[in-house]
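One-letter residues, chain by chain:
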Amino acid sequence: MDQLKEKFFKKSQELRLEIKGMLAEHGNEKLDEVSISQAYGGMRGIKCMIWETSSLDPVEGIRFRGYSIPQLRELLPKVPGGKEPLPEGLFWLMLVDEIPTKAEVDWLSDEWRKRATIDPSVYKLLDTLPVDTHPMTQFTIGIMALQPDSIFAKRYDEGMNKRDYWDASYEDTMNLIAKLPRLAAYIYRRTYYNSQHIAPDESLDWAANFAHMLGYENKDFKSLMRLYLTIHADHEGGNASAHTVHLVGSTLSDAYLSLAAGINALAGPLHGLANQEVIKWIFNMVDHFGSTKLSKDQIAMYVQETLDSGQVIPGYGHAVLRQPDPRYMAQREFAKEYIKNDDIVNIVWTLFDVVPDILAATGKVKNPWPNVDAHSGSILVHYGFKEYNYYTVLFGVSRALGVLASNCWSRALGFPIERPKSLTTVAIKEFISKN
Ligand code: HAX
């Protein structure tokens, strides 16, 4: 058994026992009550699921196993001379609740390198799709095409003992994460570069190799990819992509089927697709004024026009957060350090100055601050990565780290099939009249 798997097995079995005891003693205590508004309002805030890998505070933002993003940037291992954390380190932390050593992270990079080969049939299938198929659709199809490799599905078919689900989940998770950069890079190069593919560089870490296969050799872009793939990885369990993976995984669909479902949730414009929407909207703003150098007043006017036309301001607002997203702030810090005087980045910063007041003035937006998606596109554009329809695929590669680590925990802890209760409006009316 490999070192990470052994640690995961030991820790998860300990927690499984602890939870058993806790449920026997406290199982009937109430965590929450549910209001009618919550039932109609997207189940906002109801405490009703377990997600071990990260937790979201409305004011402070995300913590991965208790660590904030600034702490992760400091504590997770980096490449020699590098400033940004290696996403391999975050995966290790999420899976076994320990900050790994550099040697452990190097082992993980190597392990993913060994598992990264993709069967040519997957590429052949992708090549049958019209080249203008949205990259997120291609990504889901690619993940589904990898599914015949599922160890979980094969072993389940052979009569796997439920005590071994964690093991098969772990193997699928490691194999799938290893392959995602190759799959995603293949989609990028076939869609935008006439299928001129770039062979992997075995000397590079997971994120830098992804950047290389996409076609970006700039050292700072590789640092950006390490940061990007770290900060997008997890956002506790209730967000749409994570919750989808949790739900689908609970039916014992394997990691491939579960991740593909979660990627489809990420592809919605109110969720991950917001990163493409932000830059598309900024490009439209630039076209509208015929310049990339925009004043505060021009930007404020455009924001107001967008609202008046019944559209949302992409990259702003959040279902949980009530402060600027620390993932936005981390990207802003990166841009301040690495990028000087870029017009699109300047527009993103001016938006931060003008949008919150305009959204707050509507009197209904609960969080007027920027979220993770408000900044990412402008930095990518700075490095020449302008194909914004692809941006959510980058998010998806990162999100796999958190949702699949969590999926391993769900199987190791023996979570049952998820099945909340739904109500009809007739039932709600009866409830009201009885009360
Ligand atoms: N622009 C305009 N109106 C907004 C808004 C925004 N950025 N954010 C919220 N509102 C509106 C809502 O549409 C809602 O209006 P109605 O009552 O007319 O339906 C009202 O304000 C109350 O909404 P809320 O309670 O503040 O927000 P929700 O929890 O319902 O929705 C969203 C959260 C993120 C979906 C929302 O803020 C939004 O649509 N933002 C823009 C899209 C976006 O950036 N999505 C990415 C979010 C982060 C993420 O998941 N990344 O992957």
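Below is a short write-up of the structure. For every chain, the first residue of the written sequence is number 1, and numbering continues from 1 along that sequence. It should be noted that, the model being predicted, local features are given only for residues of pLDDT at least 70 and side-chain atom pairs only at 80 or more, the latter also being counted only at that level, while totals for whole chains, interfaces and linings use all residues. Heavy atoms throughout the structure, all of them, feed into the side-chain values; hydrogens and water do not.

Next up on the list: the packing of aromatic side chains. Only centres within 6.5 Å qualify two rings of Phe, Tyr or Trp (six-membered ring in Trp) as a pair; their planes then separate them into stacked at under 30 degrees, edge-to-face at over 60, and tilted for everything else. Under the defined criterion, the tally for this structure stands at 29 aromatic pairs. Ring centres of Y216 and F385 lie 5.1 Å apart, and the angle between their planes is 5°; this geometry places the pair in the stacked category. Here Y216 is found in the loop between α10 (206–214) and α11 (219–231), whereas its partner F385 is found in the loop between α18 (373–382) and α19 (391–412), with 169 residues between them in sequence. Each member of the pair, Y216 as well as F385, carries the same accessibility label: buried. Three or more aromatic residues joined by ring pairs form one cluster here, namely Y188, Y192, Y193, Y216, F221, Y383, F385, Y390 and Y391. Only when the NZ of Lys or the CZ of Arg is both within 6 Å of the ring centre and within 35 degrees of the ring normal is a charge said to sit over the ring. The ring of W349 carries K336 above its face, with NZ or CZ at 4.7 Å from the centroid. Secondary structure is summarised from DSSP: a helix means a run of H or I of at least four residues, a strand means a run of E of at least two, and numbering begins at the N terminus for each. Burial classification: accessible surface area is computed with a 1.4 Å probe over protein chains only, and a residue below 20% of its type maximum counts as buried, one above 50% as exposed, and the rest as partly exposed.

Bridge analysis of strand β1 (residues 54–57) against strand β2 (residues 61–64) gives four bridges, and the strand direction is antiparallel. Within the sheet, the bridge partner assigned to S54 lies in β2 and is F64. Hairpin connection from β1 to β2: three residues lie between these consecutive antiparallel strands. Here the rule is simple: two strands pair whenever DSSP picks up at least two bridges between them.

At a closest axis distance of 10 Å, the pairing of helix α13 (residues 255–266) and α19 adopts a crossing angle of 135°. It follows that α13 is oblique to α19 by the angle criterion. Crossing hand, α13 versus α19: right-handed. Where α13 abuts α19, its residues A255, L259, I263 and L266 lie against T392, F395, G396, A400, V403, L404 and N407. Residue polarity is assigned by list, with Asp, Glu, Lys and Arg as charged and Ala, Val, Leu, Ile, Met, Phe, Trp, Tyr, Cys and Pro as nonpolar; anything else, Gly included, falls into the polar class. Here the contact of α13 with α19 is built from residues that sort into eight nonpolar, three polar and no charged. In this analysis, axes come from line fits to C-alpha atoms, helices being fitted only over the stretch in contact, and the angle between any two N-to-C directions falls in the range 0 to 180 degrees. Roughly parallel here means an angle under 35 degrees, roughly antiparallel means over 145, roughly perpendicular means 65 to 115, and every remaining angle is called oblique. Each crossing gets its hand from how the near helix is turned against the far one by less than a right angle, where anticlockwise is left-handed and clockwise is right-handed. Note on contacts: a residue pair qualifies if any of its non-hydrogen atoms lie within 4.5 Å across the two residues.

Orientation of α11 relative to α18, taken along the N-to-C sense of each, is 160°, at an axis distance of 11 Å. On the basis of the axis angle, α11 is roughly antiparallel to α18. Of the two possible hands of crossing, α11 and α18 adopt the one that is left-handed. Packed against α11, whose contacting residues are F221, L224, M225 and Y228, the element α18 presents S376, I379 and L380 at the interface. For the contact of α11 with α18, the per-class residue count stands at six nonpolar, one polar and no charged.

The next point concerns the site of the ligand. The near set for a molecule or strand comprises every residue that places at least one heavy atom within 4 Å of it. Contacts to the ligand come from 21 residues, most closely from G315, Y316, K364, K366 and D373. Interatomic distance of 3.0 Å between a side-chain N/O atom of N371 and an oxygen atom of the ligand. Counted as a polar contact is a pair of N or O atoms within 3.5 Å, where, for protein atoms, one must be capable of donating a hydrogen and the other of accepting one, and residues adjacent in sequence contribute only when both atoms are in side chains. Within the side chain of D373, one N or O atom sits 2.7 Å away from a nitrogen atom of the ligand. The method behind every accessible area is Shrake-Rupley, applied with a 1.4 Å probe, and residues are considered shielded solely by the protein chains displayed. The fraction of the free accessible surface of the ligand (910 Å²) that becomes covered by protein chains is 76%.

For the rest of this paragraph, the subject is the side chain of E387. Its place among the elements puts E387 in the loop between α18 and α19. Residues scored as positive are Lys and Arg, those scored as negative are Asp and Glu, and His as well as the terminal groups of each chain are ignored. We define a salt bridge as a side-chain nitrogen of Lys or Arg found within 4 Å of a carboxyl oxygen belonging to Asp or Glu. Despite its burial, E387 pairs with no opposite charge; the closest candidate is R189, at 8.0 Å N-O.

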